[in-house]
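# Close look at the chain arrangement
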Amino acid sequence: MAPIRLGIVGVGKIARDQHLPSIARNADFELVGAASRSASVEGVANFPDLAAMLDAVPDLDAVALCVPPQVRHALAHLALTRGKHVLLEKPPGATVAEVLDLQSLAAERKLSLFATWHSRFAPAVEAARAWLADARIDTVAVTWKEDVRRWHPGQDWIWEPGGLGVFDPGINALSIVTRILPRAIFLTGSTLAFPENKAAPIAADLIFSDALGTSITAAFDWRQTGPQSWDIEIATDKGRLALSGGGSRMAIDGSLVSDAPEAEYDGIYRRFAELVQNGASDVDVSPLVHVADAFMLGRRSVVEAFHDDAAAGH
Ligand code: NAP
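Definitions and limits used
- Here the residue index of a chain counts from 1 through its sequence in written order.
- In view of the model being predicted, local features appear only for residues whose pLDDT reaches at least 70, and side-chain atom pairs are presented and counted only at 80 or more, with totals across whole chains, interfaces and linings using the full set of residues.
- To get the side-chain values, take all heavy atoms of the structure and skip hydrogens and water.
- By definition, any uninterrupted DSSP run of H or I lasting at least four residues is a helix, any uninterrupted run of E lasting at least two residues is a strand, and each is numbered from the N terminus.
- We compute the radius of gyration from the C-alpha atoms alone; for a globule the expected value is 2.2 Å times N to the 0.38, where N is the number of residues.
- Exposed residues in this analysis have more than 50% of their type's maximum accessible area, buried residues have under 20%, and partly exposed residues fall in between, with area computed by a 1.4 Å probe over protein chains only.
- For accessible areas, the Shrake-Rupley method is used with a probe of radius 1.4 Å. Any residue's cover is judged against the shown protein chains and nothing else.
- Here, strands pair whenever DSSP counts at least two bridges between them.
- The convention used is that axes are lines fitted to C-alpha atoms, helices contributing only their stretch in contact, and that angles between N-to-C directions extend from 0 to 180 degrees.
- A cavity, in this analysis, means grid points on a 1 Å lattice covering only the protein atoms where a 1.4 Å probe fits yet has no way out; a pocket is instead an open set bounded by protein on both sides within 12 Å along at least five of seven lines, and a residue lines either one if it has an atom within 4 Å of a point.
- Grid points are joined across faces, edges and corners, and a volume is the space filled by probe spheres set on the points.
- Under the grouping applied here, Gly and all other residues not named as nonpolar or charged are polar, the nonpolar ones being Ala, Val, Leu, Ile, Met, Phe, Trp, Tyr, Cys and Pro and the charged ones Asp, Glu, Lys and Arg.
- By arc we mean the arc of the directions from the helix axis to the C-beta atoms, nothing more.
- In what follows, a contact means two residues having at least one pair of non-hydrogen atoms within 4.5 Å.
- Each polar contact in these results corresponds to two N or O atoms within 3.5 Å; when the atoms are within protein, one needs to be able to donate a hydrogen and the other to accept it, and residues that are neighboring in sequence are counted only if both atoms are side-chain atoms.
- Salt bridges are identified by distance alone: a Lys or Arg side-chain nitrogen within 4 Å of an Asp or Glu carboxyl oxygen.

## Things to note about the overall build of the protein chain
The secondary structure content of the protein chain amounts to 10 helices and 15 strands. Taken against the 2.2 N^0.38 rule, which gives 20 Å for 314 residues, the C-alpha radius of gyration of the protein chain at 20 Å falls within 12% of a compact globule. Among the 314 residues that make up the protein chain, the fraction classed as buried is 51%. For the protein chain, the exposed surface amounts to about 13700 Å²; the carbon and sulfur share of it is 52%.

## Considerations on the sheet that holds strand 3 (residues 45-47)
Think of a sheet as strands paired side by side through backbone hydrogen bonds, with each pair either parallel or antiparallel. Spatially, 6 strands are ordered 3-2-1-4-5-6 in an open sheet, and the strand pairing comes out parallel. In the strand order of this sheet, the two ends are held by strand 3 and strand 6 (113-115), each with one partner. In this sheet, adjacent strand axes meet at a mean angle of 20 degrees when their direction is disregarded. Inspection of the sheet shows strand 2 (residues 29-35) paired to strand 3 by 3 bridges, in the parallel sense.

## So, the layout of surface pockets
It is a probe the size of a water molecule, rolled over the atoms, that shows where empty space is left. Within this model, the largest pocket holds a volume of roughly 1500 Å³. Every residue lining the largest pocket is counted, 49 residues in all, and those nearest its centre are K13, I14, H152, Q155 and W157. Secondary-structure elements contributing two or more residues to the lining of the largest pocket are helix 1 (13-24), helix 3 (72-81), helix 7 (167-180) and helix 8 (264-278). If you tally residues by element for the lining of the largest pocket, the top one is helix 1, at 4 residues. One number sums up the size of the second largest pocket: a volume of about 200 Å³. D147, V148, R149, I202, W222, R223, T225, V303, E304, A305, F306 and H307 are the residues that line the second largest pocket. Looking at the lining of the second largest pocket residue by residue, the classes come out as 6 nonpolar, 2 polar and 4 charged.

## What to know about helix 3
For helix 3, the set of buried residues is R72, L75, A76, A79 and L80. One side of helix 3 carries all its buried residues, which in axial view fall inside an arc of 130 degrees. Among the structural elements, strand 1 (4-9), helix 2 (50-56), strand 4 (62-65), strand 5 (85-88) and helix 4 (96-109) are those in contact with the buried residues of helix 3. Backbone geometry just downstream of helix 3 places G83 in the positive-phi region, at approximately 85 degrees.

## Brief notes about helix 5 (residues 125-132)
For helix 5, the set of buried residues is V125, A128, W131 and L132. Down the axis of helix 5, the sector holding all buried residues measures 125 degrees, keeping them to one side. Along its buried surface, helix 5 packs onto strand 7 (137-145), helix 7, strand 11 (229-236), strand 12 (239-244) and strand 13 (249-252).

## Digging into the pairing of strand 11
Where a strand is regular, its side chains alternate between the two sheet faces. Note: strand 7 against strand 11, 8 bridges, orientation antiparallel. Bridging across to strand 11, T143 finds its partner in D231. Relative to strand 12, strand 11 runs antiparallel, the two sharing 5 bridges. Bridge pairing in strand 12 places I234 opposite L241. Connecting strand 11 to the next strand, strand 12, in antiparallel fashion are 2 residues.

## Describing the side chain of S190
Structurally, S190 is set in strand 8 (residues 185-195). A polar side-chain atom of S190 sits 2.8 Å from the main-chain carbonyl oxygen of A294. Beyond its immediate chain neighbours, meaning those up to four positions away, S190 contacts D205, L206, A294, L297, G298 and R299.

## Observations regarding the pattern of salt bridges
What the rule picks out here adds up to 15 salt bridges. Residues R5 and E30 are paired through a salt bridge, measuring 3.8 Å at the closest nitrogen-oxygen approach. Highlighted residues: R5 in strand 1 and E30 in strand 2, separated in sequence by 25 residues. By relative accessible area, E30 is classed as partly exposed at 36%. Each of the salt bridges in this network shares a partner with another, and the network as a whole consists of R5, E30 and D59.

## Looking at empty space enclosed by the protein
In the structure shown here, the tally under the stated rule is 1 cavity of 30 Å³ or more. In this structure, the largest cavity encloses a volume near 30 Å³. Lining the largest cavity are I137, V140, L181, P182, R183, D210, T214 and I216. Among the residues forming the lining of the largest cavity, the class breakdown is 5 nonpolar, 1 polar and 2 charged.

So, in structure tokens, the structure goes:
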């Protein structure tokens, strides 16, 4: 089968760190173009925006959108309207409704839409899902605490409405939880801490339950210096499952049972090729629904202003 002719849109941190290397390693794709206002990719045709790329490369098959969520719907809509398969970085959009709109459009046009959740491709996630399938789950505790200055320097969009603030990493935890737990969960309460000079939260505490009344908590914080925490602890009748390192390691009652090398984006591109080849889509909005609910039910507090040293140095 001929490789899928792919264009990438938004050449920023994640495009460079993960998408370009994974595309280069996957023979099912041929990267033919890049669209970015201020950056370019060596060895392919570069364009200032998606519309210019679509005009100049009519035989493009698919696009990967690596732009911030606030501008993703318009680009995805344009690409689908022009007959291209679309891969969306996470979160798939700035609102739930706009993602559902894309899902209908893709179905109508018989195109593949892939709303990716990279953390679901972390190496221990499927093992955790299988282990939990027949367990009685007593409690779930998520701790997702990282240093925003280290991971998001100078990213102004992340603090704007639709940028999600601390939910930008927090939604990765929710994408794992919604994959590994055997039942649907729903939010029952949240508290959100907004820096006085920002439109998005720097910390959030969430409480969820499910049909059996299971206690599920999540603590997200962007003010964590020193060791970073991306952990999910689940107490069950079979023992205590700990998923750490963002889904990369799994331990049962303290004994490591899975610790494979990280290859999230290789997994994403394998799945995208499969979807395109089978004429299928993969769109699960549940992590975004939980974030929307957290904003809807959230009790808000205002905390100390946040100043991004990297942005100040621009
Ligand atoms: P980024 O470094 O800011 O890159 C995004 C790129 O999109 C920019 O370089 C920019 O390139 C382009 N862009 C187009 N319209 C824009 C606008 N209105 N404002 C800002 N940039 C715009 O961000 P990123 O970290 O790569 O994140 C992009 C997406 O990937 C986000 O949804 C994020 O959640 C997700 N993601 C990020 C990471 C990570 O580790 N950083 C990990 C997983 C997923 P031009 O200026 O050249 O057009």
